[in-house]
Amino acid sequence: MASKFTVPRGTYDILPKESYKWEYIEQTFKSIVKNYNYQEIVTPIFENAEIFERSVGNTSDIIQKEMYKFQDKKGRVFALRPEGTAPVIRSYIENNLWTDSPLTKLFYIGPMFRYDRPQAGRSRQFSQFGIECIGSNHPYYDAEVISIFYNFLKAIGLKNYQVEINSIGCPNCSENYNEALRTYYKEYINQLCPDCKSRFLKNPKRLLDCKVDTCKKISKNAPLILDYLDEECKKHFEQVQFYLNLLKVPFIINASIVRGLDYYSQTAFEFINNNLGAQNALGGGGRYNGLIKQMGGKDIPAVGFAGGFSRLLLSIENENIKIENTNQSKFFIVNLGDSAIEKTIEILNFLRKNNIKADFDIEKTSLKAQMKLADKLNSTYTIIIGEDEMKNNEFTIRNMLNGSQQSINFDNIKALLEL
Ligand code: AMP
């Protein structure tokens, strides 16, 4: 016997018993962001690898260790996208989207790929939802972007999370701050993990983000970026907090948020659910004013976030939030005898044309088998059309929730729309 195929390690199937939850998250996200006038953008799943190397940053884990990079038949180097912002900005520049309006608000949903060690809340293919607000440096938009994430989680009904914000300053503040970090970490250099030893020279801020215990302990007393912000960044951060209060988004300041991607400046934020274990960020984002220019476009500021579906689903389960199963059919028609089939198909057609979910089983199975199927499919009503019903020119309808039954004349199928 041939051996069974399995999904690649770190990936998963979304089966029907789960897919309706994904659809719900997607629909809720879309309806919230559309209230803020965000429009959907869809970019390819693979891009020129350089797009990520130039934006996410060569010192980041994503580029150094996690990118699915490959050559096509002509030797061009592509990568499966590890994140959504760089492709959106590539498209924004390529299609001159700034000429449509001064502020461009875009959202995306789709799979991302990172070659990482799979564990709860971390896989190699994962779906993200995200928004990018491009064209303004106004701190209001930092706060609005955060409030959109907040309102989305609220709409889903999640409670166990907190909004954590920080400012990581601009390149001007970073110069002094990086110096301060190097002075601090120099004393501990021999105790740092090999990754942090190389981060020390290339990008010392990244040391703050290290998950290795010894590095984490050392980082506890590291200098805080908030003490090194220049006047402009300080003011920007205060304004973001002002607007967050105005938008009624509760938040805390967490000075250790640095974000794993190179392109952030000033505002950085994360939505943390501490019940999720090691992978506790539902999502995060920040301002990335330098990225568009860095990728060959104009000097245009932007702010955005990305969140992950799977951690959201884990949180929904943890908090016991019920999502309506839209896969369930409202009607199931049990039919017995050849003459019942015609009537059955007629009623099914009528219901489906009226946008009502209905199903049946055309195989000649017994009443018992069909009732069992109706039960399994979790339909709300079962319609029974047997010989007696055909004789009396009516069908029986049973409410599967409370067991009540009634008869409806075949000439009166419109009555089904009232149920
Ligand atoms: P990042 O782009 O790393 O800031 O990630 C944003 C969000 O995407 C995270 O907060 C997670 O919810 C989700 N995410 C990132 N990486 C993974 C992964 N490997 N597996 C599952 N979800 C992920």
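Please read these numbers as outputs of a predicted model, since none were measured by experiment.

Asker: Help me understand the site of the ligand in this model?
Answerer: As a matter of local geometry, the ligand sits amid 15 residues, with Arg114, Ser123, Gln128, Arg259 and Ala281 nearest to it. The side chain of arginine 114 places a nitrogen or oxygen atom 2.9 Å from an oxygen atom of the ligand. Residue glutamine 128 places a side-chain N or O atom 2.9 Å away from an oxygen atom belonging to the ligand. Across the complex, the protein chains shield 91% of the 480 Å² of accessible surface that the ligand would expose by itself. Elements represented by at least two residues in the shell around the ligand include exactly strand E6 (125-134), strand E10 (281-287), strand E11 (302-308) and helix H11 (309-318).

Asker: Looking at this model, I keep getting lost on the domain arrangement of the chain. Mind explaining?
Answerer: Here the chain is described as being made up of domain 1 (16-170 + 230-318) and domain 2 (331-418). Of note, the centres of domain 1 and domain 2, computed from C-alpha atoms alone, are 48 Å apart.

Asker: What exactly am I supposed to notice about helix H12 (residues 338-353) here?
Answerer: The α-helix winds at 3.6 residues per turn, so residues separated by three or four positions along the chain end up facing the same way. For H12, spanning 16 residues, the distance from its first C-alpha to its last is 24 Å, which sits close to the expected 22 Å at 1.5 Å a residue. Tucked inside the fold, the buried residues of H12 contact strand E12 (331-335), strand E13 (358-360), strand E14 (381-385), helix H14 (387-392) and strand E15 (394-399). Asparagine 355 lies just past H12 and shows a positive phi near 65°.

Asker: Would you take a moment to explain H11 for this structure?
Answerer: When you tally the buried positions in H11, you get 7 out of 10 residues, the bulk of the element. Every buried residue of H11 is listed here: Phe309, Ser310, Arg311, Leu312, Leu313, Ser315 and Ile316. Looking at the buried positions of H11, the neighbouring elements they touch are helix H1 (16-35), strand E5 (104-113), E6, helix H5 (139-156), E10 and E11.

Asker: It is not clear to me how the sheet that holds E13 should be interpreted in this structure. Could you clarify?
Answerer: Strand pairing in a sheet relies on backbone hydrogen bonds. The paired strands run either parallel or antiparallel. The strand order across the open sheet formed by 5 strands is E13-E12-E14-E15-E16, and the pairing between neighbours is mixed. The open sheet has two edge strands with one neighbour each: E13 and strand E16 (405-409). Averaged over all adjacent pairs, the angle separating strand axes in this sheet is 25°, with direction ignored. Where E12 lies against E14, 5 bridges are found, and the strand directions are parallel. Looking at the pairing, valine 334 lines up with isoleucine 384 of E14. Each of E12, E14 and E15 touches helix H13 (residues 367-376); the most contacted strand, E12, lies at about 175° to it.

Definitions and limits used
- Residues numbered from 1 in each chain as written.
- Predicted model: local features only at pLDDT ≥ 70, side-chain atom pairs only at ≥ 80, totals over all residues.
- Heavy atoms only, no water.
- Near = heavy atom within 4 Å.
- Polar contact = N/O pair within 3.5 Å; in protein donor to acceptor, adjacent residues only side chain to side chain.
- Areas by Shrake-Rupley, 256 points an atom, 1.4 Å probe, with all protein chains shown as cover.
- Helix = DSSP H or I, 4+ residues; strand = E, 2+ residues; numbered from the N terminus.
- Domains from an automatic or database assignment.
- Expected span 1.5 Å × (residues − 1).
- Contact = heavy atoms within 4.5 Å.
- Buried < 20%, exposed > 50% of the residue type's maximum accessible area, 1.4 Å probe, protein only.
- Pairing = 2+ DSSP bridges.
- Axes fitted to C-alpha atoms, helices over the stretch in contact; angles between N-to-C directions.

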